[in-house]
Amino acid sequence: MFGNNNSNYTNSNNSNSNNNNKKETKGRADDTDRLVSKRLRMRRMMLGLSQHDLGSAVDVSIQQVQKYEKASNRISSGKLFTFAKFLKVPVSYFFEDGDDTSNIIGNIFAEDAEKYTTSDKEVISEKELIGLIKAYSEIKSSQSRKKITELVKTMN
């Protein structure tokens, strides 16, 4: 009789243990999830893609892209790899600290090796940077883009 009660106690204890594990793994988005989401949105915008364009390319709905970008839903490793491949960045791009403006600027053009930096006194806002990149990407002439790039480089 004692052994039977002990067995019941053990089973109920295991049941509670399983419930605790579910709570721990379900969790909400953490700082890393929010960083990955922010970087996904930024890269999409830098390339001038809509949420529909991105969703179609990686076979998810617009709503799912919105949830990924707001960190409402976590992005699986396989889906993150697919995003990275489509957006032409290494997977590590999504994990690089986005609070450092010089890092953001350097990694917007992840396919370029050159890094750009800014001084701490004149920090560029993300919105300003996105606007600049969008305007630049709309310039049709490659010669004009090259001249603008050269001009900007001389303004240091």
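If you're wondering where the values come from, they're calculated on a predicted model, not measured in any experiment.

Participant: Any chance you could explain the overall build of the protein here in plain terms?
Facilitator: Helices and strands together make up the secondary structure of the protein, namely eight helices and zero strands. Across the 156 residues of the protein, 26% fall into the buried class. A fraction of 54% describes how many contacts in the protein between residues 6 or more apart in sequence connect residues 24 or more apart. In the structure as shown, the protein presents an accessible area of about 11,100 Å², 50% of it carried by carbon and sulfur atoms.

Participant: What is the right way to look at helix 2 (residues 31-46) in this model?
Facilitator: Side chains three or four residues apart in an α-helix point the same way, a direct result of the helix having 3.6 residues per turn. The end-to-end C-alpha distance of helix 2 is 22 Å, a good match for the 22 Å that 16 residues give at a rise of 1.5 Å each. Where helix 2 is concerned, the buried positions are Asp33, Leu35, Val36, Ser37, Arg39, Leu40, Met42, Arg43, Arg44, Met45 and Met46. A distance of 3.1 Å separates the backbone nitrogen of Thr32 from a side-chain oxygen at the start of helix 2, and that oxygen is part of Asp30. Once helix 2 ends, the next one or two residues include Gly48, with phi positive near 70 degrees.

Participant: Please clarify how a nonpolar patch on the surface should be interpreted in this entry.
Facilitator: On the surface, a cluster of nonpolar side chains totalling about 390 Å² of accessible area is made up of Ile148, Leu151, Val152 and Met155. Inspection of the secondary structure assignment puts Ile148 in helix 8 (residues 142-154). Judged by its relative accessible area of 32%, Ile148 is partly exposed.

Participant: Please clarify how the packing of aromatic side chains should be interpreted in this entry.
Facilitator: Aromatic ring pairs: the centre-centre distance and the angle between the two ring planes describe each pair. Under the criterion given, the structure shown has two aromatic pairs. Between Tyr68 and Phe83, the aromatic rings sit 5.7 Å apart at their centres with planes inclined by 90 degrees, giving edge-to-face as the arrangement. Placement of the pair is Tyr68 in helix 4 (residues 62-69) and Phe83 in helix 5 (residues 77-87), with a sequence separation of 15 residues. Here Tyr93 and Phe94 contribute two aromatic rings whose centre-to-centre distance is 5.4 Å and whose plane-to-plane angle is 80 degrees, an arrangement assigned as edge-to-face. Residue Tyr93 shares its accessibility class with Phe94, and that shared class is buried.

Participant: How should I be thinking about helix 3 (residues 51-58) in this particular structure?
Facilitator: By the burial criterion, the buried members of helix 3 are Gln51, Leu54, Gly55 and Val58. The arc enclosing the buried residues of helix 3, seen along the axis, measures out at 95 degrees, which places them on a common side. Lining the buried residues of helix 3 we find helix 2, helix 4 and helix 5. Just beyond helix 3, the residue with positive phi is Asp59, at close to 65 degrees.

Participant: Explain the packing of helix 3 against helix 5 here, please?
Facilitator: How two helices pack is summed up by the angle between their axes together with the distance between the axes. Running from N to C, helix 3 and helix 5 cross one another at 115 degrees; their axes reach a closest spacing of 10 Å. The two elements helix 3 and helix 5 cross, and the hand of that crossing is right-handed. Along the contact surface, helix 3 presents Leu54, Ala57 and Val58, while helix 5 presents Lys79, Thr82, Phe83, Phe86 and Leu87. Among the residues forming the contact of helix 3 with helix 5, the class breakdown is six nonpolar, one polar and one charged.

Participant: Where do I start with the nonpolar core in this structure?
Facilitator: For soluble globular proteins, nonpolar side chains are generally found buried alongside one another. Among the nonpolar cores identified, the biggest contains 16 residues, and Leu40, Ile75, Phe83, Leu87 and Phe94 are the most heavily contacted of them. Where this core is concerned, the elements lending two or more residues are helix 2, helix 3, helix 4 and helix 5. For this core, the leading source of residues is helix 5, giving four residues. If sequence neighbours within four positions are ignored, Phe94 has contacts with Leu35, Val36, Arg39, Leu40, Leu80, Phe83, Ala84, Leu87 and Val89.

Thresholds applied
- Residues numbered from 1 in each chain as written.
- Predicted model: local features only at pLDDT ≥ 70, side-chain atom pairs only at ≥ 80, totals over all residues.
- Heavy atoms only, no water.
- Helix = DSSP H or I, 4+ residues; strand = E, 2+ residues; numbered from the N terminus.
- Buried < 20%, exposed > 50% of the residue type's maximum accessible area, 1.4 Å probe, protein only.
- Contact = heavy atoms within 4.5 Å.
- Areas by Shrake-Rupley, 256 points an atom, 1.4 Å probe, with all protein chains shown as cover.
- Expected span 1.5 Å × (residues − 1).
- Polar contact = N/O pair within 3.5 Å; in protein donor to acceptor, adjacent residues only side chain to side chain.
- Patch = residues over 30% accessible without salt bridge, like charges linked within 9 Å, V, L, I, M, F, W, Y side chains within 5 Å.
- Salt bridge = Lys/Arg side-chain N within 4 Å of Asp/Glu carboxyl O.
- Phe/Tyr/Trp six-rings, centres within 6.5 Å; stacked < 30°, edge-to-face > 60°.
- Arc of directions from axis to C-beta.
- Axes fitted to C-alpha atoms, helices over the stretch in contact; angles between N-to-C directions.
- Left-handed = near helix turned anticlockwise from the far one by under 90°.
- Nonpolar A, V, L, I, M, F, W, Y, C, P; charged D, E, K, R; others polar.
- Core = buried A, V, L, I, M, F, W, Y, C linked by side-chain atoms within 4.5 Å.

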